[in-house]
Number of protein chains: 2
Amino acid sequence: MTLTIGSTSVPTLEEFLQLPETKPASEYIDGKIYQKLMPQGKHSRLQTCLSTAINQAGEPKKLALALTELRCTFSGKSIVPDIAVFEWENIPLDENGQIANKFEIPPDWIIEILSPEQSASKVIRKITFCIKNGTKLGYFIDADDKSITVFQPNQLPEVKEGLDILPVLSVLQDWQLTVEDVFNWLSFSGRKII
Amino acid sequence: MTLTIGSTSVPTLEEFLQLPETKPASEYIDGKIYQKLMPQGKHSRLQTCLSTAINQAGEPKKLALALTELRCTFSGKSIVPDIAVFEWENIPLDENGQIANKFEIPPDWIIEILSPEQSASKVIRKITFCIKNGTKLGYFIDADDKSITVFQPNQLPEVKEGLDILPVLSVLQDWQLTVEDVFNWLSFSGRKII
């Protein structure tokens, strides 16, 4: 969905950032404002389970932190990844040592879950924009295709499926995740416990 | 669409190649047979115009040749790109010096046009499979998004749009094409003549 401000004006990033937040969140990309889709069941489930799993692997040892629906503003755009993961030392803090409210850096790992009806090209553009600006890893999760396409800097993306082991941030090196592990979260009949 | 042969048997590539051709064509990927979608208006128009344009640029000087719906069998798969482009010297010939019937090499350039309802991940998998096996250039054309994602070896894909100039095979170095040129072919009201 594209929102317009006023009649035909192109908002600046600063103007966009002063607008009230919407629900679902809106993103500012190349002078246009796009509202994210309202997440549906599978999207919501994958977003919750994967962020929880990353935090279980990353938080106890202060290695990495996953945050859902976090606004990240950098390099002239303001995006809201489905899941943004930061290495522990990159988490921005305020003067009191608490997690900052404004994130003006790219996530170290961006995870996007394709919704039905969503444009794959727009999602790929968002992931490649991040990777060109410092993100180390991107997932494009396609539940219909039961595949996860992995983006890394200066590489052709790789479409992973089934028992393929997914690359994760190197700080999480002891943790292993397969594509099947991810899509098992969607299955409630005879569901594997992982 | 997935076809099954017999009951639960996994066909070999050789078994697949002995089956009669279907319309739309079927592809053999990782032990499974997928039938391509019946092309719709926009898909058909883009396929026709882009292959014609490439041949106008490439055929007179014997630089490159575009072929639509050509079966290419290599590296264990048998795929049918929407458009397969070969540099002139790579066109397989038979003993009479005519174009061969069987193409057992990857195209130098693969062009795929996303159909509505088609899985973007499946198309990306097909393009990256080609590029990992010798293809130099891949286009993923998304008419709904008015964008063309360009794949090249060992690179992050780039999503091009509007007046962005598209990379083409280096043998066609004098020829220039923008994303807008491609999508103008879809427009019949006030259509630009290019």
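Computed from a predicted structure; not experimentally measured. (Residues numbered from 1 in each chain as written. Chains lettered and ligands numbered in written order. Predicted model: local features only at pLDDT ≥ 70, side-chain atom pairs only at ≥ 80, totals over all residues. Heavy atoms only, no water.)

## So, the pattern of salt bridges
Going by this rule: When a carboxyl oxygen of Asp or Glu is within 4 Å of a side-chain nitrogen of Lys or Arg, the pair counts as a salt bridge. Each helix is a run of H or I in the DSSP string that is no shorter than four residues. Each strand is a run of E no shorter than two, and both are numbered from the N terminus.
In total, this model carries 24 salt bridges over all chains according to the counting rule given. Across the pair Lys126(B) and Glu27(B) runs a salt bridge whose closest N-O atoms are separated by 2.6 Å. Taken as a pair, Lys126(B) in helix H3 (residues 120-132) and Glu27(B) in strand S2 (residues 26-29) lie far apart in primary sequence, 99 residues in all. In the salt-bridge network here, residues are joined through shared partners; they are Lys122(A), Arg125(A), Asp145(B) and Glu161(B).

## Thoughts on the sheet that holds strand S8 (residues 109-113) of chain A
Sheet strands line up and pair through hydrogen bonds in the backbone, either parallel or antiparallel. Basically, it comes down to this: A pair of strands counts as paired when DSSP detects no fewer than two bridges linking them. Here an axis means a line fitted to C-alpha atoms, over the contact stretch when the element is a helix, while the angle between two N-to-C directions is reported on a 0 to 180 degree scale. By definition in these notes, contact holds between two residues if any of their heavy atoms fall within 4.5 Å.
The 6 strands lie next to each other as S4-S7-S8-S9-S10-S11 (chain A), forming an open sheet whose pairing is mixed. The two strands at the open ends of the sheet, each matched to only one other strand, are strand S4 (64-68) and strand S11 (158-161) of chain A. Each strand of the sheet is rotated relative to its neighbour by a mean of 20 degrees, with strand direction disregarded. Strand direction decides the pairing type here: strand S9 (residues 137-142) of chain A and strand S10 (residues 147-151) of chain A, joined by 5 bridges, are antiparallel. Looking across to S10(A), one finds that Tyr139(A) is bridged to Val150(A). Running over the sheet, helix H2 (residues 41-58) of chain A touches S4, strand S7 (83-87), S8 and S9 of chain A and is turned about 160 degrees from S4(A). Sheet contacts for H3(B): S9, S10 and S11 of chain A; angle to S11(A), the most-contacted strand, approximately 120 degrees.

## A short note on the packing of aromatic side chains
Put simply, the rule reads: Whether two aromatic rings pair depends on their centres lying within 6.5 Å, for rings of Phe, Tyr and Trp, where Trp uses its six-membered ring; planes under 30 degrees apart make the pair stacked, over 60 edge-to-face, and the rest tilted. Ring-over charges, as used throughout, are those where CZ of Arg or NZ of Lys falls within 6 Å of the ring centre and within 35 degrees of the ring normal.
Applying the stated criterion to the full structure yields 8 aromatic pairs over all chains. On the numbers, 5.0 Å between centres and 55 degrees between planes, the contact of Phe86(B) with Phe103(B) is tilted. Of this pair, Phe86(B) sits in strand S7 (residues 83-87) while Phe103(B) sits in the loop between S7 and strand S8 (109-113); the two residues are 17 residues apart in sequence, bridging distant segments of the chain. Over the ring of Phe129(A) we find Lys77(A), and its NZ or CZ is 4.4 Å from the ring centre.

## Some remarks on the relation of the copies chain B and chain A
Defined as follows: When the copies are superposed, the least-squares fit draws on C-alpha atoms of residues that have pLDDT of at least 70 in both.
In the superposition of chain B on chain A (RMSD 0.0 Å, axial shift 0.0 Å), the rotation amounts to 180 degrees. Both chain copies can therefore be described as sitting about a two-fold axis. When each C-alpha of chain B is compared by its distance to the rotation axis, Gln155(B) comes out closest, at 2.2 Å. Looking at the interface residues of chain B, 100% of them are also at the interface in chain A, so both copies use one shared face.

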